[in-house]
Amino acid sequence: MLEQDLSYLQPDKLGPWGTYLQQIDRVVPYLGKLSRWIETLKRPKRSMIVDVPVELDDGTIAHFEGYRVQHNTSRGPGKGGVRFHQEVTLSEVMALAAWMSIKNAAVNLPYGGAKGGVRVNPHTLSNKEIERIARRYTSEIKMVIGPNSDIPAPDVNANEQVMAWMMDTYSMHQGRTVMGVVTGKPVALGGSLGRKEATGRGVFIASSEAARRKGLDIAAGARVAVQGFGNVGSVAARLFNEAGAKVIAIQDHTGTLYQPTGIDIIQLLTHAARHGAIAGFEGVQTLNSEEFWELETDLLIPAALEGQISEKNAPRIRTKIIVEGANGPTTPAADDILNEHGILVIPDVIANAGGVTVSYFEWVQDFSSFFWTETEINHRLERIMCDAFAAVWQVAQEHRVSVRTAAYIVACTRILMAREMRGLYP
Ligand code: GLU
């Protein structure tokens, strides 16, 4: 059944799209004459809902709901991931697509913003069933995606194998191999070196830039707490650990680990690879999920899902810097509380842009069939992230606004200038 998500209409449960709309409202006063185009950003350009019927291994037929939303394409083709999650809704995908528009513009990648999802819990399915879902979903959205129109990539619960299936399905329809239709593919299939790590690496780069400006030395045993131990949180935790920080707490959907002297990340990675999550890891303390937010830390990295930091837990957060590895983890009300408490928030649209930045490199490499070294990729990633960080930081200082509002000023100005220069058709 088609379920309409009206949660954003309830004041206590804003929802991702409600959060995004409030973020846009906050930037309007800084856009000057461009604000006459603001409605462009308050609705997606194109939204697609598809039925994804598949035969399960036991012979029954299951139907899942799939989405692809192109929020804006003024600056280039749509770009953004695909997530498989049992709670995905159209309004959530709308918000995620919109955040991709802002992110791609904030980092100055030549893309608009898009996102997709299938409302399914992949953990309850076999690999073959997931393959059938990925392939059927791709063929249902094939008329709106393409290397020059909209380029999907991995997001929550979608890995490089899913991207390989999507690329293959699209290519079969085209009658030729089209590498550039998705990014985040396996390296053997036109993927880019460094792509898998890129989002976590970008979070670490953004954290280092923020720490430096706050006079905090990560290498001197800075205390870090990470929420999420998937592709983003686990890589960021490992890089913090390698840099000399102490990762004192990690939380995922199965539990919260705490070790004041620092968790052994290498051993935890092995444990998580074997068990699929962090629960059951030995030699550390466990906390309840609320206690995680109250820990005294230097850096806090939400790298799981949206809406994790709200006005409920924000007053209890005791950290110096929050670096958003997830998309949309902080509600606008929580943002205000954190700002009042002097906590520096590095917003998702800068902090987690490493993934889509290396996706851009992958797309460019696929078009030219010429592949770069990992050193080259990491070097270019660092340069793009640091330049974007510096530009946004400067706007924040100039206008005396939060880094999030500054990132929105930069991004919305770029998008709406393109919008204005292109003009309306017809
Ligand atoms: N899903 C990632 C994000 O939210 C990456 C998207 C991409 O590479 O296109 O930024």
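Our subject is the structure listed above.
Read on for an overview of the structure.

Definitions and cut-offs
- Residues numbered from 1 in each chain as written.
- Predicted model: local features only at pLDDT ≥ 70, side-chain atom pairs only at ≥ 80, totals over all residues.
- Heavy atoms only, no water.
- Helix = DSSP H or I, 4+ residues; strand = E, 2+ residues; numbered from the N terminus.
- Rg over C-alpha atoms; globule rule 2.2 N^0.38 Å.
- Buried < 20%, exposed > 50% of the residue type's maximum accessible area, 1.4 Å probe, protein only.
- Contact = heavy atoms within 4.5 Å.
- Lys, Arg positive; Asp, Glu negative; His and termini not counted.
- Charge placed at Lys NZ, Arg CZ, Asp CG, Glu CD.
- Near = heavy atom within 4 Å.
- Polar contact = N/O pair within 3.5 Å; in protein donor to acceptor, adjacent residues only side chain to side chain.
- Areas by Shrake-Rupley, 256 points an atom, 1.4 Å probe, with all protein chains shown as cover.
- Nonpolar A, V, L, I, M, F, W, Y, C, P; charged D, E, K, R; others polar.
- Pairing = 2+ DSSP bridges.
- Axes fitted to C-alpha atoms, helices over the stretch in contact; angles between N-to-C directions.
- Core = buried A, V, L, I, M, F, W, Y, C linked by side-chain atoms within 4.5 Å.
- Arc of directions from axis to C-beta.

## A closer look at the overall build of the protein
The helix and strand inventory of the protein stands at 13 helices and 13 strands. By the compact-globule yardstick of 22 Å for 426 residues, the protein fits well, its C-alpha radius of gyration being 21 Å. If one aligns the C-alpha atoms of the protein with their principal axes, the spans along those axes are about 55 × 55 × 50 Å. Counting all 426 residues of the protein, 59% fall into the buried class. Taking all contacts inside the protein whose residues are at least 6 apart in sequence as the whole, residues at least 24 apart take part in 68%. Each charge class in the protein can be summarised by its mean position, and for the 43 positive and 46 negative side chains these summaries are 7 Å apart.

## Quick look at the site of the ligand
As a matter of local geometry, the ligand sits amid 14 residues, with Lys 79, Lys 103, Pro 154, Asp 155 and Ser 359 nearest to it. Within the side chain of Lys 79, one N or O atom sits 2.7 Å away from an oxygen atom of the ligand. Note that an oxygen atom of the ligand is positioned 2.5 Å from one of the side-chain N or O atoms of Ser 359. Calculation on the ligand without its partners gives an accessible area of 300 Å², and the protein chains cover 96% of this total. Looking at the shell around the ligand, the element that brings in the most residues is helix H11 (residues 354-368), giving three residues. For the shell around the ligand, the residue count by class is four nonpolar, five polar and five charged.

## Thoughts on unusual backbone geometry
Following Tyr 425, the chain continues into Pro 426 via a peptide bond in cis, with omega recorded as 0°. Structurally, Pro 426 can be placed in the segment after helix H13 (403-422). Positioned with a positive phi, Ser 369 is a non-glycine residue whose angle comes to about 50°. Positionally, Ser 369 belongs in the loop between H11 and helix H12 (374-399).

## Looking at the side chain of Glu 209
Considering the arrangement of structural elements, one finds Glu 209 in helix H5 (residues 195-213). Of the polar contacts made by the side chain of Glu 209, one reaches the side chain of Arg 213; its length is 3.1 Å. Beyond its immediate stretch of four places on either side in the chain, Glu 209 contacts Cys 386 and Phe 389.

## Some points on the environment of Val 247
Following the sequence through the fold, Val 247 ends up in strand S8 (residues 246-252). Sequence spacing of Val 247 and Ala 236 is 11 residues, and the spatial spacing of their C-alpha atoms is 10.0 Å. Apart from the residues lying within four places of it in its own chain, the contact partners of Val 247 are Val 224, Val 226, Ala 237, Phe 240, Asn 241, Gln 259, Gly 262, Ile 263 and Ile 265.

## So, the sheet that holds strand S4 (residues 82-85)
Across the sheet, which stays open at both edges, the four strands sit in the order S1-S2-S5-S4 with mixed pairing between neighbours. Since the sheet does not close on itself, it has two edges, and those belong to strand S1 (46-55) and S4, each with one partner. Mean inter-strand twist for the sheet, computed between neighbouring axes without regard to direction, equals 20°. As defined by bridge partners, strand S2 (residues 61-72) adjoins strand S5 (residues 113-119) across six bridges and the pair is classed as antiparallel. In the strand pairing of S5, Arg 68 is matched with Gly 116.

## So, the nonpolar core
Ranked by size, the top nonpolar core spans 95 residues in total, and within it Phe 240, Leu 299 and Ile 346 carry the most contacts. Core analysis: the next-biggest nonpolar cluster, separate from the first, contains 29 residues, Val 50, Leu 125, Met 163 and Trp 165 among them.

## Structural notes on the side chain of Thr 331
Secondary-structure assignment places Thr 331 in the loop between strand S12 (321-323) and helix H9 (332-340). Under the relative-accessibility criterion, Thr 331 is labelled buried at 12%. When residues no more than four places from it in sequence are discounted, the contact partners of Thr 331 are Thr 19, Ile 309, Ser 310 and Glu 311.

## Concerning helix H7 (residues 265-275)
When we look at burial in H7, the residues that qualify are Ile 265, Leu 268, His 271 and Ala 272. One side of H7 carries all its buried residues, which in axial view fall inside an arc of 115°. In H7, the exposed positions that point more than 90 degrees away from the buried face belong to Ala 273 and Arg 274. Residue Asp 264 occupies the N-cap position of H7, its side-chain oxygen lying 3.2 Å from the main-chain nitrogen of Ile 266. Looking one or two residues past H7, Gly 276 carries a phi angle of roughly 80°, positive in sign.

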